[in-house]
Amino acid sequence: MTEIPTLQPATQVDERTEVDERTTTDDGDHERFAHVVVPASAVTEAYITGATVTALCGKRWVPTRDPGRYPVCPTCKEILDAARAARDGGSSSPG
């Protein structure tokens, strides 16, 4: 007579909760743009270490592609232009 193995219940449960913190646009076009990261040296470091970077628009990713092949993200550009305007407008004082 053949003995049928029985399954034993698991004695250890490994629960993991992962939250996707990526910010996306309604049309999912974040993958089609070159994003702005400040400071720019963070991108170079991320290429070497594999670390995640966060763009001005909120997109988080590990850089692996040449951003020169893509147009600049309009949200990143808008934020960068506003920051430059505030810096340039705020640094000049009436004399």
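Every value quoted in this text rests on a predicted model; they were computed, and no experiment measured them.

Another point: the overall build of the protein. In terms of regular secondary structure, the protein is built from two helices and two strands. Starting at the N terminus, the α and β elements of the protein follow one another as α-β-β-α. Burial analysis of the protein (95 residues in total) assigns 16% to the buried set. Taking all contacts inside the protein whose residues are at least 6 apart in sequence as the whole, residues at least 24 apart take part in 42%. For the protein, the computed accessible surface area is about 8100 Å², with 52% contributed by carbon and sulfur atoms.

With that out of the way, let us pick up unusual backbone geometry. In this structure, the amide linkage connecting valine 38 to the following residue, proline 39, adopts the cis form with an omega of 0 degrees. One can find proline 39 in the segment before α1 (41–49).

On to the confidence of the model for the protein. Within the protein, residue pLDDT values average 76, and 63% of them lie at 70 or more. Within the protein, no element has a lower average pLDDT than helix α2 (residues 74–91), which sits at 88, and none a higher one than strand β1 (residues 53–54), at 94. Segment residues 19–27 is flagged for pLDDT under 50; beyond a separation of four residues in sequence, or across chains, it makes eight contacts in the model.

Cut-off values and rules
Residues numbered from 1 in each chain as written. Predicted model: local features only at pLDDT ≥ 70, side-chain atom pairs only at ≥ 80, totals over all residues. Heavy atoms only, no water. Helix = DSSP H or I, 4+ residues; strand = E, 2+ residues; numbered from the N terminus. Buried < 20%, exposed > 50% of the residue type's maximum accessible area, 1.4 Å probe, protein only. Contact = heavy atoms within 4.5 Å. Areas by Shrake-Rupley, 256 points an atom, 1.4 Å probe, with all protein chains shown as cover. pLDDT = per-residue confidence, 0-100.

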